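# Results of the structural survey
Spelled out from the first residue to the last, the chains are:
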Amino acid sequence: MSKPADFSHLDDLFTIRDWLRYAVSRFTVAKLAYGHGTETALDEAAYLILSALSLPIDQLEPWMDARLTRDERAKVADLIQQRIATRKPAAYLVNTAWIRGRPFYVDERVIVPRSYIGELLDDGLSAVVPDPDGVESILDLCTGSGCLAILAALTYPNAAVDAVDISVGALEVAARNVEDYGLTDRISIHRSDLFAGLEGRTYDLIISNPPYVTAEAVAAFPPEYKAEPELAHLGGDDGLDLVRRILAEAAVHLNTEGMLVVEVGMAREALETEYPSLPFLWLDTEQSEGELFALTAEALKRHA
């Protein structure tokens with residue numbers, strides 16, 4: 001249980017600038033870990049404060065010298081204290097994560113979404129999907145919060161989307177987000193251990209951000225990462241247990257011209273060594289290089 005916030009300084013800190021400086025100092029002393037949508041103490045503090053005040057999270061400067069009411073100061077102080085005492089990612093404290101400028105509900109039932117696939121969907125995965133209007137069926141495997149399924153539905157307006165996860169809690173969060181975006185008529189929620197519950201279903205596009213962290217790395221996680229479901233991180237001893245299963249089973253679930261896109265972290269060398277006959281196409285983003293691959297249905301069927 002977190003300690004109650006210390007309100008003794010409420011009459012010393014008045015503006016967002018004051019609270020931002022205070023939060024950065026506290027977070028730095030506490031040696032917090034980041035990586036759940038922010039990378040620095042400054043960004044984390046700004047995100048918490050702007051979220052607490054229902055202000056746009058990408059517009060800090062206009063509000064820097066705005067004075068806060070006492071109730072607002074108490075709310076901000078409490079969030080700062082919670083972030084330090086619980087070591088939970090900020091997204092859990094405000095129940096919101098932002099992907100590609102869109103908000104999604106999150107809580108401890110799901111990993112805080114941060115997949116690079118979201119960035120690739122900005123242009124409809126144009127490097128591997130030449131005809132976005134021709135995509136009529138999509139599978140989001142290991143959907144978690146459902147954010148990628150929702151972004152895919154918004155990117156491909158003619159597509160029906162299946163959002164799949166093994167976690168009941170994650171699917172409850174995904175269903176809430178799908179309803180919030182008004183997409184219940186296009187996105188179906190399914191509980192399945194990867195493809196196990198999808199017999200006979202085929203897709204034009206399969207996207208997946210599966211668990212791919214090694215057991216050793218999971219064991220060494222800082223508290224912020226341990227706050228997330230281990231199931232959403234752990235990919236076995238070398239991180240590739242689920243990726244291997246996806247490669248083995250995806251072919252029968254892809255239509256003739258279908259495409260598989262998977263995020264695998266730093267596993268490129270290991271995958272190319274283990275699967276020398278697979279023609280992986282590595283997709284780069286602004287923040288990643290060689291952490292996502294694409295494979296055609298044809299290539300996967302030849303391999304199978």
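Look above for the structure.
Residues numbered from 1 in each chain as written. Predicted model: local features only at pLDDT ≥ 70, side-chain atom pairs only at ≥ 80, totals over all residues. Heavy atoms only, no water.

The next subject is the packing of aromatic side chains. A complete count under the given rule lists six aromatic pairs for this structure. A centroid spacing of 5.5 Å and a plane angle of 35° characterise the contact between F280 and W282, whose relative ring orientation is tilted. W282 shares its class with F280; the two are buried. Consider the rings of W282 and F293, whose centres lie 5.8 Å apart with planes at 80°: the pair is edge-to-face. Of this pair, W282 sits in strand β8 (residues 281-283) while F293 is found in strand β9 (residues 292-296), placing the two residues 11 residues apart along the sequence. With relative accessibility at 11%, the residue W282 sits in the buried group. Looking at F293, the relative accessible area reads 0%, which means it is buried. Sitting over the ring of F14, R67 keeps its end group 4.8 Å from the ring centre. Looking at R176, its charged tip hangs above the ring of Y105, at a distance of 3.7 Å from the centre. (Phe/Tyr/Trp six-rings, centres within 6.5 Å; stacked < 30°, edge-to-face > 60°. Buried < 20%, exposed > 50% of the residue type's maximum accessible area, 1.4 Å probe, protein only. Helix = DSSP H or I, 4+ residues; strand = E, 2+ residues; numbered from the N terminus. Lys NZ or Arg CZ within 6 Å of the ring centre and 35° of its normal.)

What follows deals with the environment of H253. As for its position among the elements, H253 is in the loop between α10 (241-249) and β7 (254-263). For H253, a relative accessible area of 7% translates into the label buried. Separated by 55 residues in sequence, H253 and L198 have C-alpha atoms that sit 8.3 Å apart. If sequence neighbours within four positions are ignored, H253 has contacts with F195, L198, E199, R201, T202, Y203 and I206. Among the polar contacts listed, one links the side chain of H253 to the backbone oxygen of R201, at a separation of 2.8 Å. (Contact = heavy atoms within 4.5 Å. Polar contact = N/O pair within 3.5 Å; in protein donor to acceptor, adjacent residues only side chain to side chain.)

Within the largest apolar cluster, 31 residues are counted, with the highest numbers of intra-cluster contacts made by L125, Y156, I187, L205 and V261. Elements with a contribution of two residues or more to this core: α5 (117-120), α6 (147-155), β4 (160-165), β6 (203-208), β7 and β9. By residue number, the principal contributor to this core is α6, which donates seven residues. (Core = buried A, V, L, I, M, F, W, Y, C linked by side-chain atoms within 4.5 Å.)

One non-glycine residue, R100, lies in positive phi territory at about 50°. Positive phi, close to 65°, is recorded for C142, a residue that is not glycine. Relative to the helices and strands, C142 is located in the loop between β3 (137-141) and α6.

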